[in-house]
Amino acid sequence: MAIAADSMAVATSLSIIVFYLILIVFIGVYAWRKFPQATESLAGYATAGKTLGWIVVLFSAAAAQYSALTFLGFIGYMYKFGLPLYIGVTFMYVLISAGLYAFGGRMWKLSRKFGDVTPTDAVFRVYGKAAGYVFSIIMIIALVTYAAAGVKGIGYMFWACTYGVIPITLGTILAIVLAIISTIISGQKGTAWVGALQGFLLLAGIFGGAVYFVAHYGGVTAVFEKILSTPELAKGLTIPGFAPAWQYPMLISWIIAVGLGWPIHTHMYQKMISAKTPTISRAYPLMIQFTFAPTIFAGFLI
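Conventions and cut-offs
Residues numbered from 1 in each chain as written. Predicted model: local features only at pLDDT ≥ 70, side-chain atom pairs only at ≥ 80, totals over all residues. Heavy atoms only, no water. Phe/Tyr/Trp six-rings, centres within 6.5 Å; stacked < 30°, edge-to-face > 60°. Lys NZ or Arg CZ within 6 Å of the ring centre and 35° of its normal. Helix = DSSP H or I, 4+ residues; strand = E, 2+ residues; numbered from the N terminus. Expected span 1.5 Å × (residues − 1). Bend = angle between axes of the 7 residues up to and from the residue. Buried < 20%, exposed > 50% of the residue type's maximum accessible area, 1.4 Å probe, protein only. Contact = heavy atoms within 4.5 Å. Axes fitted to C-alpha atoms, helices over the stretch in contact; angles between N-to-C directions. Parallel < 35°, antiparallel > 145°, perpendicular 65-115°, else oblique. Nonpolar A, V, L, I, M, F, W, Y, C, P; charged D, E, K, R; others polar. Arc of directions from axis to C-beta.

1. Here we look at the packing of aromatic side chains
Summed over the entire model, instances satisfying the criterion amount to 1 aromatic pair. Where Phe124 meets Tyr133, the ring centres are 5.1 Å apart and the plane angle is 90°; that geometry is what we call edge-to-face. Stacked on the ring of Phe114, the Lys or Arg Arg125 has its end atom at 4.1 Å from the ring centre.

Shown next as structure tokens:
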């Protein structure tokens, strides 16, 4: 289904998307040629040779969180259910960050000592083969569904940004192909660089959007006064919010389950052990909080 738009808007959107996709592939190829040590071994390929510095980790941390899950998932649920989801997502990230901060440096040091590349390696080493295989199966199920949701979200974004010229299915396939090509060519090093670029652009957009809304409505206080003065909107600032699904038992159990489970996801673990120093690894979760805060605020304003 196409969206009504003039030809100039469609051409501009397509030009930006094509340029961005070419830039992503270029970064991957450059990382592959510039840092062969980051792709010549499995450990180097999966952990960028453990050479990621502050800037790359900061912005790639933002990109790791600002996925379709954030833009189309959390924000959409916040809009639908109101305050409970704001509370849930915020404290989920607090719990995630606390766990990563407490154990990030330790995991970094153990990965250096024993050569662990993924959390599955650590489980195999500490708890044995049986636990390792069970953990592997759980991780595959979790990551396949997570990745599938992400690429489908990209398909929706392609569809919306091109005013329906690129169908959702084609956009999803395009996202999968480009992700596979970029990852195979450049490994974690190139992926982190692409993530840093994405994180910078996303942070700029989120902060810029928050500033725009505040300026448009005359300040933060004016924004919430407007929300509270509208009965339908004000309902979203109460428990259980717009819908009764997120009562306290559901909210608290969701925070604990997701908050404790998220840090062992492979992409979270590998980001931390790919850092240049354990200090950067411990700071990674704090960067997540820094990058997520404006998203929460922008969600309120929207």
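2. So, helix H8 (residues 168-217)
Between the first and last C-alpha of H8 there are merely 34 Å, a value that for 50 residues lags more than 12% behind the 74 Å anticipated at 1.5 Å per step. Its axis deflected by about 120° at Gly187, H8 carries its strongest bend there. The positive-phi residue at the C-terminal boundary of H8 is Gly218, with phi of around 85°.

3. Some remarks on the side chain of Thr172
By the element assignment, Thr172 lies in helix H8. For Thr172, a relative accessible area of 15% corresponds to the buried category. Non-local contacts of Thr172, meaning those with residues more than four positions away in its chain, are made with Val151, Lys152 and Gly155.

4. Describing the packing of helix H1 (residues 7-34) against H8
Axis angle and axis distance: for two packed helices, these are the angle between their axes and the distance between the axes, and together they describe the pair. Interhelical geometry of H1 versus H8 gives an angle of 95° and a closest axis separation of 8 Å. As the angle between them shows, H1 and H8 are arranged roughly perpendicular. The segment H1 lies against H8, with Tyr20, Leu21, Leu23, Ile24, Val25, Ile27, Gly28, Val29, Tyr30, Ala31 and Trp32 engaging Leu174, Leu178, Ser182, Ile185, Ser186, Lys189, Gly190, Trp193, Val194, Leu197, Gln198 and Leu201. Considering only residue class, the contact of H1 with H8 consists of 17 nonpolar, 5 polar and 1 charged.

5. Some thoughts on the environment of Lys271
If you trace the backbone, Lys271 turns up in helix H12 (residues 266-273). Lys271 sits in the buried class, given a relative accessible area of 11%.

6. Some thoughts on the side chain of Ser136
Looking at the secondary structure, you find Ser136 in helix H7 (residues 129-161). Taking the relative accessible area as the measure of exposure, Ser136 reaches 18% and is therefore buried. Beyond its immediate sequence surroundings of up to four residues, Ser136 is in contact with Thr120 and Phe124.

7. Topic: helix H6 (residues 119-127)
Within H6, the full set of buried residues consists of Pro119, Thr120, Ala122 and Val123. For H6, the angular spread of buried residues about the axis comes to 155°, placing them on one side. Looking at the buried side of H6, the elements it contacts are H7 and H12. Directly after H6, the chain includes Gly128, whose backbone phi takes a positive value near 95°.

8. As for unusual backbone geometry
Its identity is not glycine, yet Tyr163 carries a phi of approximately 60°, on the positive side. Tracing the sequence through the fold places Tyr163 in the loop between H7 and H8. Judged by its relative accessible area of 26%, Tyr163 is partly exposed.

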